[in-house]
Amino acid sequence: MLTGVGTSALCGLLPPTLAAAGSAGDGLGARAAAKGLKFGASFSTEELNKPYADRYAAIYAEDCRVLTSELEFKMYTLRPTADVLDFAPADKLLAVAEKDQQTVRGHTLVWNDALPDWVHRLGPGEVEHLLEAHIETVMERYRGRVTSWDVVNEPIGPWDKLPGNLRKGPYYSTFGESYIAKSFVIARKADPKAELVLNEAQTESDDDNGATFRSSLLGLLKRLKDSGAPIDTVGLQSHIDTARPYDFARFADFVREIVALGYGVAITELDVNDRALDSTPNLRDAAVAKIYKNFLAAVLPIREIKTLTLWQLADHTSWLWYDAVAKGNPGGRLPRPLLYDASFKKKSAWYAVAEALDAMPAR
Ligand code: G3I
């Protein structure tokens, strides 16, 4: 046992596994907070039903200052049928976060996905009522407790061939593009102090798909600015996929373009899909760690980024892992996209993120 010497004095001397495996004070959340950045990850209360629930909760307590709801605030969870409002999963998430003094990002109020079937059968008048009632009811219930909301998620969907490359769905069918501004106006009124976020996917890759998402999102953000929509922050999900090409410096320029329009920016769902890295787990982990390092080195110097959240922390709780298992694990190997492995051991990526946070400029 070490006595008489503060552990911080020993940090540079200990092997990384010992230096970093400690209390929340050594965790990623504390390192980020020291620079004015809020760090966290998505959290699923479904993982609390698993045999590893305690270890799952422990890594969040150690590393996260903010939790994003992965399923709890989605429409199919909150409103499984037209006459049921089920707040139990969301309340459970809030209880976890409040116990560990973490803030909560509510994901998400208005999305054309994760809708229960009954919503697809509504007529336009009913959709209008639902949009207003849903945002008001949910935000007012958690006013002052959920401090940031993904009000509108993934409005862009070029495959639907709509004007502005917007994604189709019941809200677009009812209002056209104005459903987006309208949602933010309702949200501002429901909780004037909450951070209101427009969250978007697929803007990161250096290919035609990424370019289409970037230009479509910039166009939308300019129109929303002109219309006076009360949007504080643009969330860029950042699901990095090794099957696609990247130029993170160019992506950082895109982030600066959003900042120049007058928005804050958050990185909201960072993970690294390792499907195109065909080597041993150790080599794959090293390559994934390098991608985290390079991505964060490009974006964290941008001081308008005040929040960084990953999509889960441990490999076996990732949507990519669940997806692979559901498909019978066709590649014969399970994904390793996150900071902890399936036995909750810190991976190289954890240390890469820790170093990036230590090296970044303060906000
Ligand atoms: O837990 C149930 C399980 O009991 C059941 O047997 C099984 C059968 O389908 O479903 C399980 O629930 C699934 C859940 O993931 C947990 O694995 C849901 O069907 C499935 O819809 C759900 O998918 C989520 C998806 O969003 C849709 O809501 C993923 O967890 C979640 O990671 C993913 O997150 C999205 C963000 O919201 C938006 N950005 C992209 C991101 C990744 O796709």
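All values derive from a computational prediction rather than experimental measurement.

For the rest of this paragraph, the subject is the overall build of the protein. Across its full length, the protein holds 15 helices and nine strands. At 20 Å, the protein has a C-alpha radius of gyration in line with the 21 Å of a compact globule built from 363 residues. For the protein, the residues scored as buried account for 55% of the 363 residues in total. Taking the intrachain contacts of the protein between residues at least 6 apart in sequence as the baseline, contacts between residues at least 24 apart amount to 78%. Total accessible area on the protein stands at roughly 15300 Å², and carbon and sulfur atoms take up 54% of it. Of note, the protein has its 42 positive side-chain charges centred 3 Å away from the centre of its 48 negative side-chain charges.

Attention now moves to the site of the ligand. Of all residues adjacent to the ligand, which total 16 residues, the nearest are E46, E70, K74, Y76 and H107. Between the ligand and H107, the relevant distance is 2.7 Å, taken from an oxygen atom to a side-chain nitrogen or oxygen of the residue. Alone, the ligand offers 780 Å² of accessible surface; in the complex the protein occludes 55% of this. Put simply, the parts of the chain that give the shell around the ligand at least two residues each are β3 (103-111) and α14 (319-326). Grouping the amino acids of the shell around the ligand by side-chain chemistry returns seven nonpolar, four polar and five charged.

For helix α6 (residues 88-99), built from twelve residues, the straight-helix expectation of 16 Å at 1.5 Å per residue is met to within 8% by its first-to-last C-alpha distance of 17 Å. Those residues of α6 not exposed but buried are A90, L93, L94, V96 and A97. Each buried residue of α6 lies within a common arc of 160 degrees when the element is viewed along its axis, so the set occupies one face. Residues of α6 that are buried sit in contact with β1 (38-43), β2 (66-69), β3 and β4 (146-153).

Here the focus is the nonpolar core. One finds W149, L236, I258, Y292, L308, L339 and L357 to be the most contacted residues of the largest nonpolar core, which totals 105 residues. Leaving out residues up to four positions away in the same chain, L339 has contacts with L28, F39, Y292, L310, L313, K345, K346, K347, A349, W350 and V353.

On to the packing of aromatic side chains. Per the counting criterion, the structure on display carries 14 aromatic pairs. With 6.1 Å between their ring centres and 45 degrees between their planes, W159 and F213 make a pair best called tilted. On the criterion of sequence distance, the pair formed by W159 in the loop between β4 and α9 (170-175) and F213 in helix α11 (residues 208-227) is long-range, its members being 54 residues apart. Members of the aromatic cluster, connected to one another through ring pairs, are Y246, F248, F251, F254 and F295. Just above the ring of Y263 sits the side chain of K225; from NZ or CZ to the centre is 4.5 Å. Sitting over the face of the ring of W350, K346 holds its NZ or CZ atom 4.6 Å from the ring centroid.

Attention now moves to the packing of helix α12 (residues 248-260) against helix α13 (residues 281-299). Orientation of α12 relative to α13, taken along the N-to-C sense of each, is 35 degrees, at an axis distance of 8 Å. Seen along the crossing, α12 lies across α13 with a hand that is right-handed. Taking contact as the criterion, the partners of F248, A249, F251, A252 and R256 in α12 are, on α13, I291, N294, F295, A298 and V299. Across the contact of α12 with α13, the residue classes break down as eight nonpolar, one polar and one charged.

Here we come to the environment of E62. In this fold, E62 is placed in helix α4 (residues 53-63). By relative accessible area, E62 is classed as buried at 15%. Within polar-contact distance, the side chain of E62 engages the side chain of K346 at 3.0 Å.

Remark: a regular strand shows side chains that alternate across the two faces of the sheet. Counting buried residues in strand β8 (residues 264-273) gives ten out of ten residues, a clear majority hidden from the surface. Two elements, strand β6 (residues 233-236) and β8, share four bridges in a ladder whose sense is parallel. Across the sheet, the residue bridging to G235 is A266, located in β8. As defined by bridge partners, β8 adjoins strand β9 (residues 305-310) across four bridges and the pair is classed as parallel. The residue of β9 that forms the bridge with L270 is L310. Following the backbone out of β8, through α13 and into the adjacent parallel β9, one traces a crossover that is right-handed.

Turning our eyes to something else, we now look at unusual backbone geometry. With an omega of 5 degrees, the peptide bond running from H107 to T108 counts as cis. Within the element layout of this structure, T108 appears in strand β3. Positioned with a positive phi, N165 is a non-glycine residue whose angle comes to about 60 degrees. Looking at the element boundaries, N165 is found in the loop between β4 and α9.

Another point: the pattern of salt bridges. Inspection of every chain in the model, using the stated rule, returns 21 salt bridges. The shortest N-O distance in the salt bridge between R275 and D241 comes to 2.4 Å. Taken together, the positions of R275 in the loop between β8 and α13 and D241 in strand β7 (residues 239-241) put the pair 34 residues apart, joining distant regions of the chain. With relative accessibility at 52%, the residue R275 sits in the exposed group.

Definitions and limits used
Residues numbered from 1 in each chain as written. Predicted model: local features only at pLDDT ≥ 70, side-chain atom pairs only at ≥ 80, totals over all residues. Heavy atoms only, no water. Helix = DSSP H or I, 4+ residues; strand = E, 2+ residues; numbered from the N terminus. Rg over C-alpha atoms; globule rule 2.2 N^0.38 Å. Buried < 20%, exposed > 50% of the residue type's maximum accessible area, 1.4 Å probe, protein only. Contact = heavy atoms within 4.5 Å. Areas by Shrake-Rupley, 256 points an atom, 1.4 Å probe, with all protein chains shown as cover. Lys, Arg positive; Asp, Glu negative; His and termini not counted. Charge placed at Lys NZ, Arg CZ, Asp CG, Glu CD. Near = heavy atom within 4 Å. Polar contact = N/O pair within 3.5 Å; in protein donor to acceptor, adjacent residues only side chain to side chain. Nonpolar A, V, L, I, M, F, W, Y, C, P; charged D, E, K, R; others polar. Expected span 1.5 Å × (residues − 1). Arc of directions from axis to C-beta. Core = buried A, V, L, I, M, F, W, Y, C linked by side-chain atoms within 4.5 Å. Phe/Tyr/Trp six-rings, centres within 6.5 Å; stacked < 30°, edge-to-face > 60°. Lys NZ or Arg CZ within 6 Å of the ring centre and 35° of its normal. Axes fitted to C-alpha atoms, helices over the stretch in contact; angles between N-to-C directions. Left-handed = near helix turned anticlockwise from the far one by under 90°. Pairing = 2+ DSSP bridges. Right-handed = clockwise from strand over helix to strand, strands pointing away. Salt bridge = Lys/Arg side-chain N within 4 Å of Asp/Glu carboxyl O.

Honestly, that's just the spatial picture; any functional story needs more than this.
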